[in-house]
Amino acid sequence: LLNAARRRPLANLKRWITVGLGTREELDDERLRVAVAVAYKRAVETGCSELCVELPHHYDGHPTRATVEGILFAAYRYSLRRDAAEDPAGHQCWGP
């Protein structure tokens, strides 16, 4: 396995985060989504700047979608803006 951004073997990275998924029969998209969110939050706590996730093998669900959703849900921060003077640029959004 290679870290695509740095073109170096993953074994050379300094920290590994492992999260249990239970048995193969118990694995579903929600369990994977929660596990990835836990791993993401732990990576942020440790100051990690890159995160590589290995998707489960021989899994019939939607592992890529569940992984992306888990990261997005864990990274989401809601902050209510009451005063435009504090943030005159407003919220940054994706899309047109």
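What you see is a predicted model, and the numbers here were worked out from it, not measured in a lab.

Criteria and cut-off values
Residues numbered from 1 in each chain as written. Predicted model: local features only at pLDDT ≥ 70, side-chain atom pairs only at ≥ 80, totals over all residues. Heavy atoms only, no water. Helix = DSSP H or I, 4+ residues; strand = E, 2+ residues; numbered from the N terminus. Buried < 20%, exposed > 50% of the residue type's maximum accessible area, 1.4 Å probe, protein only. Contact = heavy atoms within 4.5 Å. Areas by Shrake-Rupley, 256 points an atom, 1.4 Å probe, with all protein chains shown as cover. Expected span 1.5 Å × (residues − 1). Arc of directions from axis to C-beta. Axes fitted to C-alpha atoms, helices over the stretch in contact; angles between N-to-C directions. Parallel < 35°, antiparallel > 145°, perpendicular 65-115°, else oblique. Left-handed = near helix turned anticlockwise from the far one by under 90°. Nonpolar A, V, L, I, M, F, W, Y, C, P; charged D, E, K, R; others polar. Salt bridge = Lys/Arg side-chain N within 4 Å of Asp/Glu carboxyl O.

A.B. asks: Looking at this model, I keep getting lost on the overall build of the protein. Mind explaining?
C.D. replies: Looking only at helices and strands, one finds 2 helices and 2 strands in the protein. Along the protein, helices and strands appear, N-terminal first, in the series β-β-α-α. Put simply, the protein has 96 residues, and 19% of those count as buried. Considering only contacts in the protein between residues 6 or more positions apart, those separated by 24 or more positions represent 56%. As displayed, the protein offers around 8,100 Å² of accessible surface, 54% of which is attributable to carbon and sulfur atoms.

A.B. asks: In this structure, what is going on with helix α2 (residues 63-75)? I would like to understand it.
C.D. replies: In an α-helix there are 3.6 residues to a turn, and that puts residues three or four apart on one side. With 13 residues, α2 extends 18 Å from end C-alpha to end C-alpha; this agrees with the ideal 18 Å at 1.5 Å per step. For α2, the full list of buried residues reads Pro63, Ala66, Thr67, Gly70 and Ala74. End-on view of α2: buried residues confined to an arc of 100 degrees, all on one side of the axis. The elements touched by buried residues of α2 are α1 (29-45).

A.B. asks: Whenever I open this one, the packing of α1 against α2 confuses me. Can you help?
C.D. replies: The relative placement of two packed helices comes down to the angle between their axes together with the axis-to-axis distance. Interhelical geometry of α1 versus α2 gives an angle of 45 degrees and a closest axis separation of 7 Å. The orientation of α1 with respect to α2, classified from their angle, is oblique. For the pair α1 and α2, the crossing hand works out as right-handed. Between α1 and α2, the residues in contact are Asp29, Leu32, Arg33, Val36, Ala37, Tyr40 and Lys41 and Pro63, Arg65, Ala66, Thr67, Glu69, Gly70, Ile71, Phe73, Ala74 and Ala75, respectively. For the contact of α1 with α2, the class distribution of residues is 10 nonpolar, 2 polar and 5 charged.

A.B. asks: What is the right way to read the pattern of salt bridges from this model?
C.D. replies: Side-chain pairing between opposite charges can occur once the charged atoms of the two side chains come close. As enumerated under the stated definition, the model contains 6 salt bridges in all. Residue Asp29 is joined to Arg65 by a salt bridge in which the shortest nitrogen-to-oxygen separation is 3.6 Å. With Asp29 in helix α1 and Arg65 in helix α2, this pair connects stretches of sequence that are 36 residues apart. Look at Arg65 and you get partly exposed, because its relative accessible area is 44%. Across the pair Arg33 and Glu30 runs a salt bridge, and its minimum N-O distance is 2.4 Å. Linking Arg33 with Glu30, this pair stays in helix α1, spanning 3 residues, or about one helical turn. Connected via shared salt-bridge partners are Asp29, Glu30, Arg33, Arg65 and Glu69.

Everything listed here is a matter of coordinates, which is why it stays silent on function.
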